[in-house]
Amino acid sequence: MTSKELLPFIAKQGYKRTAAAVGKQGYKRTLINPTNAKPQHYYHQTLSSEIQYALECSKQAQEKWAIESPAHRASILRTAAGIMSQNKDMLSQLETSDTGRVIRETTFDVNEGIECLHYYASLANTLGGEMYKLSGSNLGYTLREPLGVTVGIGAWNYPINTALWKSAPALAFGNSMIFKPSEYTPSTALWLAECYAEAGVPDGLFQVVLGDGHVGKELVISEEVSKISFTGSYPVGKQVYEMAARGMKKVTLELGGKSPFIVFEDADLDNAVSAAMMANWYSNGQVCSNGTRIFVHESILTDFVDRLVERTKKLSIGDPSCMETDIGPMVHQDQFEKVLRYVDIGREEGATLLYGGARVHDLPDVLKDGYFLTPAIFTDCTDEMTICNEEVFGMLISILSFSSEEEAISRANNTEFGLAAGVFTKDIQRAHRVVGNLEAGVTYINNYNLAPMNLPWGGTKHSGIGRENGIESVNAWTQTKSVYVEMGNVECEYPR
């Protein structure tokens, strides 16, 4: 199969320059199909000169876009949503090809992306300031203004959704954006740029550059950029934060997690097991919010574990493009090997590997070289173990027992991360009490890993800064201007 070359999506003049030059000069990266370990695409890293050109175009486009009416901006986002609706099958297949995630999941992602565009189109028309009655007849009011040129840096596990969670509010509220997708999964972000252009987004307003952290760094440190939204690991997010701070830039960071999943003795076990599977096997385990530390009350531990193993054994692992498949391959070889290393570490430190944690060999010949793993379930774990402290970002569960509510809360919070947490109980008072004491930005009662657009998303501690989605996104993508209006004469104690 002949590999396809991907090109960055830069403002039209720059894009022509790119097509002619970048293939000769930029570092070449080959993208590997995770299902068979064969090359499927390649691109050349966007050059510094092209990045600077993109920044210049972004600034010019944003100045014009900012004075457009919210209704006009909303109309274009709705048109983009319509274009996505017409291309759902193609787009979900493209996402599956890049990530290895099963087609059922990527189809859901595309539908969620369409919802995202409609949500921000609706929100754009409601954006406004406040009026304050001051002394006498004086008054004050506030304006919500765009930030200017913004940068989005996406993750490889949810490429289309991270692109939309960042770009839709940015554009809706009058900003421009240069988006850098993960170097591993750029295809759907490039399609989104074409979608926006077809919908009527002005040239240069949304651009996509390609490459690794060097490209991201050049964007982050640029004096033209006023805001960075980054999704990825804590170590890289910390670097982004430090670089942005030097320029006093606004940031949103959605980073990693080691989230607790607490099952009390009165929980509905079938529901708890269903949620535990969704909290760990979904997206082949590559989700930042996954509830990988499962705390189960000692009185139901055996029953819970038996049910979890029994149902996990029934999962269909194979071709992610088939609707019947439950688990696909890891996104790339490095991640595949990383998970296996953590399986070895878990064993070496004394945990019991009850099920899985190995390469899948019973596959058709066309898939035998793919990055397929069986989900790993560890028992006999302790809080000090590496697999209970470090983010694996793969299908690896650590099951721990507890005896009291206070103990569960204390141990759940004993982590440097704070992205998500889940509580399973029929006692609604206990449920509210426990989530109120958990140190996490996103919490669940009797479910897990759902992210509706109108609920803010983000973490505490090392899991991030700021929030995406919901009304909170208004604060993330705009700035407030205060206006004082004097209705009388200026009071002045100085001589005339």
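Structural data are supplied above this passage.
Residues numbered from 1 in each chain as written. Predicted model: local features only at pLDDT ≥ 70, side-chain atom pairs only at ≥ 80, totals over all residues. Heavy atoms only, no water.

Trainee: Would you take a moment to explain a nonpolar patch on the surface for this structure?
Mentor: Nonpolar side chains collect at one region of the surface, where Met131, Tyr141 and Leu143 lie side by side and expose about 280 Å² of accessible area between them. Turning to its location among the elements, Met131 is positioned in strand β4 (residues 131–133). (Patch = residues over 30% accessible without salt bridge, like charges linked within 9 Å, V, L, I, M, F, W, Y side chains within 5 Å. Areas by Shrake-Rupley, 256 points an atom, 1.4 Å probe, with all protein chains shown as cover. Salt bridge = Lys/Arg side-chain N within 4 Å of Asp/Glu carboxyl O. Helix = DSSP H or I, 4+ residues; strand = E, 2+ residues; numbered from the N terminus.)

Trainee: Honestly, the side chain of Thr292 in this entry has me stumped. Any pointers?
Mentor: Among the secondary structure elements, Thr292 is positioned in the loop between α10 (269–278) and β12 (293–297). Judged by relative accessible area, which is 10%, Thr292 ranks as buried. (Buried < 20%, exposed > 50% of the residue type's maximum accessible area, 1.4 Å probe, protein only.)

Trainee: What is the right way to look at helix α4 (residues 88–99) in this model?
Mentor: Residues spaced three or four apart along an α-helix face the same direction, because each turn holds 3.6 residues. Between its first and last C-alpha atoms α4 spans 16 Å; for 12 residues at 1.5 Å apiece the expected length is 16 Å, and the two agree. Of the positions making up α4, those classed as buried are Leu91, Ser92, Glu95, Thr96, Asp98 and Thr99. Here the buried residues of α4 occupy an arc of 165° about the axis, which is enough to place them on one side. Within two residues after α4, Gly100 carries a phi angle of roughly 85°, on the positive side. (Expected span 1.5 Å × (residues − 1). Arc of directions from axis to C-beta.)

Trainee: For this particular structure, what's the right way to read the pairing of strand β7 (residues 176–180)?
Mentor: Remember that side chains alternate between the two faces of the sheet whenever the strand is regular. Buried residues dominate β7, accounting for 5 of its 5 residues. Alternating positions in β7 separate into two faces, Ser176, Ile178 and Lys180 on one and Met177 and Phe179 on the other, with burial throughout. Relative to β7, strand β6 (residues 149–153) is paired through 5 bridges, and the arrangement is parallel. Note that in β7 the partner of Ile153 across the bridge is Lys180. Following the chain from β6 across helix α6 (residues 159–172) to the adjacent parallel β7, one finds a crossover that is right-handed. The pairing of β7 with strand β8 (residues 206–208) spans 3 bridges and is classified as parallel. Of the residues in β8, the one forming a bridge with Phe179 is Val208. Read from β7 through helix α7 (residues 187–199) to β8, the crossover connection turns out right-handed. (Pairing = 2+ DSSP bridges. Right-handed = clockwise from strand over helix to strand, strands pointing away.)

Trainee: Sorry if this is basic, but what is going on with helix α2 (residues 48–65) here?
Mentor: Here α2 spans 25 Å end to end across 18 residues, near enough to the 26 Å set by a 1.5 Å rise per residue. Inspection of α2 places Glu50, Ile51, Tyr53, Ala54, Leu55, Cys57, Ser58, Ala61, Gln62 and Trp65 among the buried residues, and these make up the whole buried set.

Trainee: Is there a simple way to think about the packing of aromatic side chains in this case?
Mentor: Aromatic rings considered in pairs are described by the distance between their centres and by the relative angle of their planes. Within the structure shown, the criterion is met by 11 aromatic pairs. Ring geometry for Phe179 against Phe206: centres 6.4 Å apart, planes inclined by 25°, an arrangement best described as stacked. In this pair, Phe179 is assigned in strand β7 and Phe206 in strand β8, connecting sequence segments 27 residues apart. The burial state of Phe179 is the same as that of Phe206; both residues are buried. (Phe/Tyr/Trp six-rings, centres within 6.5 Å; stacked < 30°, edge-to-face > 60°.)

Trainee: Please explain the pattern of salt bridges as it appears in this structure.
Mentor: Two side chains carrying opposite charge are able to pair once their charged atoms lie near each other. One pass over the structure, following the stated rule, counts 16 salt bridges. We note a salt bridge from Arg101 to Asp109, for which the minimum N-O separation is 2.5 Å. Assigned by exposure class, Arg101 and Asp109 land together as buried. We note a salt bridge from Lys180 to Glu183, for which the minimum N-O separation is 3.7 Å. As far as burial versus exposure is concerned, Lys180 and Glu183 are alike and both buried. Three or more residues joined by partner-sharing salt bridges are found here, namely Glu265, Asp266, Glu405, Arg430 and Arg433.

Trainee: What exactly am I supposed to notice about the packing of α4 against helix α5 (residues 103–124) here?
Mentor: The relative placement of two packed helices comes down to the angle between their axes together with the axis-to-axis distance. Where α4 contacts α5, the two axes come as close as 8 Å, and the packing angle between them is 125°. Relative to α5, the element α4 lies oblique. The way α4 lies across α5 gives a crossing that is right-handed. Facing Lys88, Leu91, Ser92, Gln93, Glu95 and Thr96 of α4, the residues of α5 in contact are Ile103, Thr106, Thr107, Val110, Asn111 and Ile114. (Axes fitted to C-alpha atoms, helices over the stretch in contact; angles between N-to-C directions. Parallel < 35°, antiparallel > 145°, perpendicular 65-115°, else oblique. Left-handed = near helix turned anticlockwise from the far one by under 90°. Contact = heavy atoms within 4.5 Å.)

Trainee: Explain the pairing of strand β17 (residues 420–424) here, please?
Mentor: With 5 of 5 residues buried, β17 lies mostly within the body of the structure. With burial as the criterion, each face of β17 is covered, one bearing Ala420, Gly422 and Phe424 and the other bearing Ala421 and Val423. Pairing of β17 with strand β18 (residues 442–445) involves 4 bridges; the strand directions are parallel. Pairing of Gly422 across the sheet is with Tyr444, part of β18.

Trainee: Quick question: what am I supposed to make of the nonpolar core here?
Mentor: Most often, soluble globular proteins keep nonpolar side chains buried together rather than apart. By size, the foremost hydrophobic cluster in this structure holds 118 residues, and its most contacted members are Met84, Tyr120, Tyr196, Val263 and Phe304. Sorting elements by how many residues they give to this core places α5 first, with 9 residues. For Phe304, the contacting residues outside a window of four places in its chain are Val263, Leu269, Ala272, Val273, Ala276, Ile294 and Val296. In this structure, Tyr53, Val149, Val151 and Met243 belong to the second largest nonpolar core, which totals 24 residues. (Core = buried A, V, L, I, M, F, W, Y, C linked by side-chain atoms within 4.5 Å.)

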